[in-house]
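Observations on chain architecture
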Amino acid sequence: MNQTQSLPDWLTDPVTNTIDVVNEATIPTALIPWVYLANSMTQQITDHFGQQPAVAVHFSGLTKTRDWETSLLNLRQDKPTGYARHISLAINHRPVLAARSITRNGNTIEPLLAGLNTTPLARLLFENPLWLRKGPTLPLIDKCGNIGRASTWHAKESSECLIVEEFFLFQP
């Protein structure tokens, strides 16, 4: 198994959610295929490690959004609050991915996120034909130095948006 890192503190403490969009040039070459993966990250991790990862939910509830999230979710700048779900994926009890999914507070996506519990979000996004990935993938970095990505998803029959942020806690 590849070397893994500890969980970032923003998973359990949404106040310390310093995550920024970065230039692609800052991404290590080995992570570029992971950042721009078009398929399910859960499936890719399963294939890479040879087993299904365990999902742990660390936070689910209302949280302040970052400026770039506020813009993507079309929130008012004076009310930057969304509903977020923070999870990690682990292989043999070792975290390999940290993720934050966030949507507008009070929309129809919120109860879907809340109801997932330990079900991977990929099951909803990739197995349900009502979901479409829209917009470019944004390379990210958190305050711990973990490289990640953000993808924007839309329910086909509405304009509601879900941002999925995933951070790699292993070196491929």
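That block above? That's the structure.
Just so it is clear, the model here is predicted, and its values are computed rather than measured. (Residues numbered from 1 in each chain as written. Predicted model: local features only at pLDDT ≥ 70, side-chain atom pairs only at ≥ 80, totals over all residues. Heavy atoms only, no water.)

Remarks on the nonpolar core
Nonpolar side chains in soluble globular proteins tend to be buried together. Residues Trp34, Met41, Ile45, Leu89, Val96, Leu97 and Phe168 are the most contacted members of the largest nonpolar core, which totals 18 residues. When contributions to this core are tallied by element, the ones reaching two or more residues are helix H1 (32-35), helix H2 (41-49), strand S3 (81-91) and strand S4 (94-104). (Core = buried A, V, L, I, M, F, W, Y, C linked by side-chain atoms within 4.5 Å. Buried < 20%, exposed > 50% of the residue type's maximum accessible area, 1.4 Å probe, protein only. Helix = DSSP H or I, 4+ residues; strand = E, 2+ residues; numbered from the N terminus.)

Comments concerning the sheet that holds strand S7 (residues 161-168)
Within the open sheet, the seven strands sit side by side as S1-S5-S6-S7-S4-S3-S2. Their pairing is antiparallel. The open sheet has two edge strands, strand S1 (19-21) and strand S2 (54-64), and neither has a second partner. Strand-to-strand twist across the sheet, computed as the mean angle between neighbouring axes with direction ignored, equals 30°. (Pairing = 2+ DSSP bridges. Axes fitted to C-alpha atoms, helices over the stretch in contact; angles between N-to-C directions.)

Some points on empty space enclosed by the protein
On inspection of all chains with the given rule, the structure shows one cavity of 30 Å³ or more. In this structure, the largest cavity spans a volume of roughly 220 Å³. Residue lining of the largest cavity: 23 residues in total, with Thr42, Leu121, Ala122, Val164 and Glu166 positioned closest to the centre. Every element with two or more residues in the lining of the largest cavity is listed here: H2, S3, S4, helix H5 (121-127), strand S6 (147-155) and S7. Among the elements that take part in the lining of the largest cavity, H5 stands out by supplying four residues, more than any other. Partitioned by chemical class, the residues of the lining of the largest cavity number 13 nonpolar, six polar and four charged. (1 Å grid on protein atoms, 1.4 Å probe; cavity = no way out; pocket = protein on both sides within 12 Å on 5 of 7 lines; lining within 4 Å. Points joined across faces, edges and corners; volume = space filled by probe spheres on them. Nonpolar A, V, L, I, M, F, W, Y, C, P; charged D, E, K, R; others polar.)

Concerning the pairing of S4
Taking burial as the measure, the eleven residues of S4 include nine buried ones, the bulk of the element. As defined by bridge partners, S3 adjoins S4 across ten bridges and the pair is classed as antiparallel. Looking at the pairing, Tyr83 lines up with Thr103 of S4. Taking the residues between adjacent antiparallel strands as the criterion, S3 and S4 are bridged by two residues, where Asn92 takes a positive phi near 50°. One ladder, built from seven bridges, connects S4 with S7; its direction is antiparallel.

Some details on the side chain of Glu165
In this fold, Glu165 is placed in strand S7. Classification of Glu165 by relative accessible area gives buried; the value is 0%. A distance of 3.3 Å separates the side chain of Glu165 from the side chain of Arg66, its partner in a polar contact. The residues contacting Glu165, other than those within four sequence positions of it, are Ile19, Arg66, Trp68, Glu69, Ala98, Ala99, Arg100, Ile102, Leu140, Arg149 and Ala150. (Polar contact = N/O pair within 3.5 Å; in protein donor to acceptor, adjacent residues only side chain to side chain. Contact = heavy atoms within 4.5 Å.)

Examining the environment of Thr137
Positionally, Thr137 belongs in strand S5 (residues 131-142). Given a relative accessible area of 17%, Thr137 falls into the buried group. With residues up to four places along the chain from it excluded, the contact list for Thr137 reads Val35, Tyr36, Arg149, Ala150 and Ser151.

So, the environment of Leu162
Looking at the secondary structure, you find Leu162 in strand S7. Accessibility expressed as a relative area gives 1% for Leu162, which makes it buried. With sequence-adjacent residues up to four places away left out, Leu162 is seen in contact with Ser101, Ile102, Thr103, Ile109, Leu113, Leu121, Leu125, Trp131, Ser151, Thr152 and Trp153.

So, the pattern of salt bridges
Tallying each qualifying case throughout the model produces seven salt bridges. Salt-bridge contacts for Arg149 lead to Glu166; the nearest nitrogen and oxygen are separated by 2.7 Å. Here the residue Arg149 occupies a position in strand S6, and Glu166 occupies one in strand S7, the gap between them amounting to 17 residues. Residue Glu166 is classed as buried on the basis of its relative accessible area of 10%. (Salt bridge = Lys/Arg side-chain N within 4 Å of Asp/Glu carboxyl O.)

Function cannot be inferred from these measures alone, as they are strictly geometric.
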